[in-house]
Amino acid sequence: MGKIDEFALIARFFRSCAPPEPSILGIGDDAALLPCASALRGNRDDASATLALTTDTLVAGSHFLPDFAPQDLGWKALAVNLSDLAAMGAEPTAFLLALTLPRYDPEWLEGFAYGVQACAQRYGVALIGGDTTRGPLAITITALGVVPWQAAIRRSTAQVGDDLWVSGQPGRAALGLAVRTGRLSGDLPGCSEWIAALERPQPRIALGLALRGIATAMLDISDGLTQDAHHLVETRPELTLCVEEAALPLAPLVAQGAPAEKAWAALLGGGDDYELLFTANPRHRTAVAEAARRAGVSVHRIGSVVPRSIPEASPLVLVRRDGTRTTLPPQGWDPFRVAEPLDLDIQPESFS
Ligand SMILES: Nc1ncnc2c1ncn2[C@@H]1O[C@H](COP(=O)(O)OP(=O)(O)OP(=O)(O)O)[C@@H](O)[C@H]1O
Ligand SMILES: Cc1ncc(C[n+]2csc(CCOP(=O)(O)O)c2C)c(N)n1
Ligand SMILES: [Mg+2]
């Protein structure tokens, strides 16, 4: 295959099939939005109820290592889909499960089903259908949620002057993967937490719901903080996101024993984290903190949205501790690029 990334591929081959219908939100956000006079969740009379729909695949070797426990795989396959609903501020309802299995292995299936069930129960979603076939191991889940059309939090609606926030501790999953592949020692104090982030991600459903009416734009950072941050301004050439180095939650990873350079790379471009990246007006700082407290998740204010000075200026800028600025390139996961996930071109100030 020639050199192309995932997003260029979708734009080139699939955009033309997208609905011209303005009442549908199609390709380009974490989930599609399909308005329907819905009977779901008792919203029988609520014509504004909208379905949020998303699908994600996990493929052996590409998304998980061969020794990944089936229970964890079941949990993660559902959790990564629910994360895309969380990123819209949607309430998850149900899911479809398409399984491709190399062989019938009841012991493996029991573990996998147990993990799916645990995640489904935790987030109150029902399995309503799917498909089962034979082939190389792959799991595709399609998740459905509900959100009033006006309440859905899109990627493209950040405002000049907004704060930029991130939930939790991005970088842990990439460090967990580095431990699992022997690139980091398994004796570091943070290991069990990093591996839990990799194997049992917690979709930020409660936070997504609590941020309705507060966040102006949002997405989940499955691919890596800087790469996904670029998506927030992809359709907004008049905006730049400024990320303040001093505000990034790097210290907790280092305190847990991650070598500073690896912690930095994992934080900015590791991916597989499923935290929420969002913007909100500064007058909502207390409301954001309160939403996070209610959801039981930490949030960090890591930067702001500013006007892009000239069209060629960078969509994403790192503001160093001394106030100097440098372009932040999109770093993160791309299934069509094979790269060492913890190698980054850009270094924190202390080692450059
Ligand atoms: N083959 C495809 N055809 C049509 N749309 C697609 C296709 N693949 C992806 N998309 C759409 O492109 C957008 C970006 O896709 P992507 O899978 O990167 O979503 P994401 O939320 O950024 O990442 P993740 O899958 O890691 O959650 C989404 O709106 C998705 O629905
Ligand atoms: C063996 C192995 N290799 C790589 C990774 C990292 N990884 C997998 S999926 C993903 C992001 C979302 O993917 P997608 O956009 O394809 O849904 C990342 C960063 C892993 N966990 N295990
Ligand atoms: Mg997403």
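Calculation notes
Sequence order as written defines residue numbering, which begins from 1 separately in each chain. Ligands are numbered from 1 and chains lettered from A, in the order in which they are written. Given that this is a predicted model, residues contribute local features only at a pLDDT of at least 70 and side-chain atom pairs are listed and counted only at 80 or more, while totals for whole chains, interfaces and linings are drawn from all residues. Hydrogens and waters are ignored; side-chain quantities use all the structure's heavy atoms. UniProt positions are given in the numbering used here, feature names are shortened, and annotations may be inferred rather than shown by experiment. To count toward a patch, a residue needs a relative accessible area over 30% and no salt bridge; like charges are then connected within 9 Å, while nonpolar side chains (Val, Leu, Ile, Met, Phe, Trp, Tyr) are connected within 5 Å. Only the protein chains shown count as cover for residues, and the accessible areas themselves come from Shrake-Rupley with a 1.4 Å probe. In the sections that follow, a salt bridge refers to a side-chain nitrogen of Lys or Arg positioned within 4 Å of a carboxyl oxygen of Asp or Glu. Counting from the N terminus, the helices are DSSP H or I runs at least four residues long and the strands are E runs at least two residues long. Note on classification: 1.4 Å probe, protein chains only; a residue is buried when its accessible area is under 20% of the maximum for its type, exposed when over 50%, partly exposed between these limits. Proximity is defined per residue: any heavy atom of the residue falling within 4 Å of a molecule or strand makes that residue near it. Pairing of N or O atoms within 3.5 Å defines a polar contact, subject to two protein rules: one partner must be a possible hydrogen donor and the other a possible acceptor, and residues neighboring in sequence count only if both atoms are side-chain atoms. Each residue gets one of three labels, nonpolar for Ala, Val, Leu, Ile, Met, Phe, Trp, Tyr, Cys and Pro, charged for Asp, Glu, Lys and Arg, and polar for the others, Gly among them. Note on donors: an N, O or S atom is included if it sits within 2.8 Å of the metal, or within 3.2 Å for Na, K and Ca, and water is never included, so sites can look incomplete.

As annotated in an unreviewed UniProt entry, the chain carries the name Thiamine-monophosphate kinase and comes from Hydrogenophilus thermoluteolus. The annotation that UniProt attaches to the chain under Sequence similarities (unreviewed entry) is "Belongs to the thiamine-monophosphate kinase family." Listed under Catalytic activity (unreviewed entry) in UniProt, the entry text for the chain is "thiamine phosphate + ATP = thiamine diphosphate + ADP".

Topic: a nonpolar patch on the surface
A grouping of Phe13, Phe14 and Ile27 is seen on the molecular surface, where their side chains present a nonpolar patch of about 290 Å² in accessible area. Note that Phe14 resides in the loop between helix H1 (6-13) and strand S1 (32-35). Classification of Phe14 as partly exposed rests on a relative accessible area of 46%.

Some thoughts on the site of ligand 1
Among the 13 residues in the neighbourhood of ligand 1, the closest are listed as Gly28, Asp29, Asp56, Arg155 and Ser222. The contact in question runs from an oxygen atom of ligand 1 to an N or O atom on the side chain of Asp30, over 3.2 Å. Here an oxygen atom of ligand 1 and a side-chain polar atom of Ser222 are 2.7 Å apart. Considering ligand 1 on its own, with 610 Å² of exposed area, one finds that the protein chains cover 70% of that surface. With three residues, the single largest contributor to the shell around ligand 1 is H1. Taken together, the residues of the shell around ligand 1 sort by class into four nonpolar, two polar and seven charged.

Quick look at the coordination of the magnesium ion (ligand 3)
Tetrahedral coordination by four donors puts the ideal angle at the metal at 109.5 degrees, and octahedral coordination by six puts it at 90 or 180 degrees. With distances of 2.0 to 2.2 Å, the protein atoms coordinating the magnesium ion (ligand 3) are Asp30 (OD), Asp84 (OD) and Asp220 (OD). For the magnesium ion (ligand 3), the donor residues sit on a single chain with the sequence spacing D-x53-D-x135-D. A residue pair is termed long-range when its members are at least 10 positions apart, and Asp84 in helix H2 (residues 70-86) and Asp220 in strand S7 (residues 215-220) qualify at 136 residues. Across the pair, Asp220 and Asp84 agree in class, each one buried.

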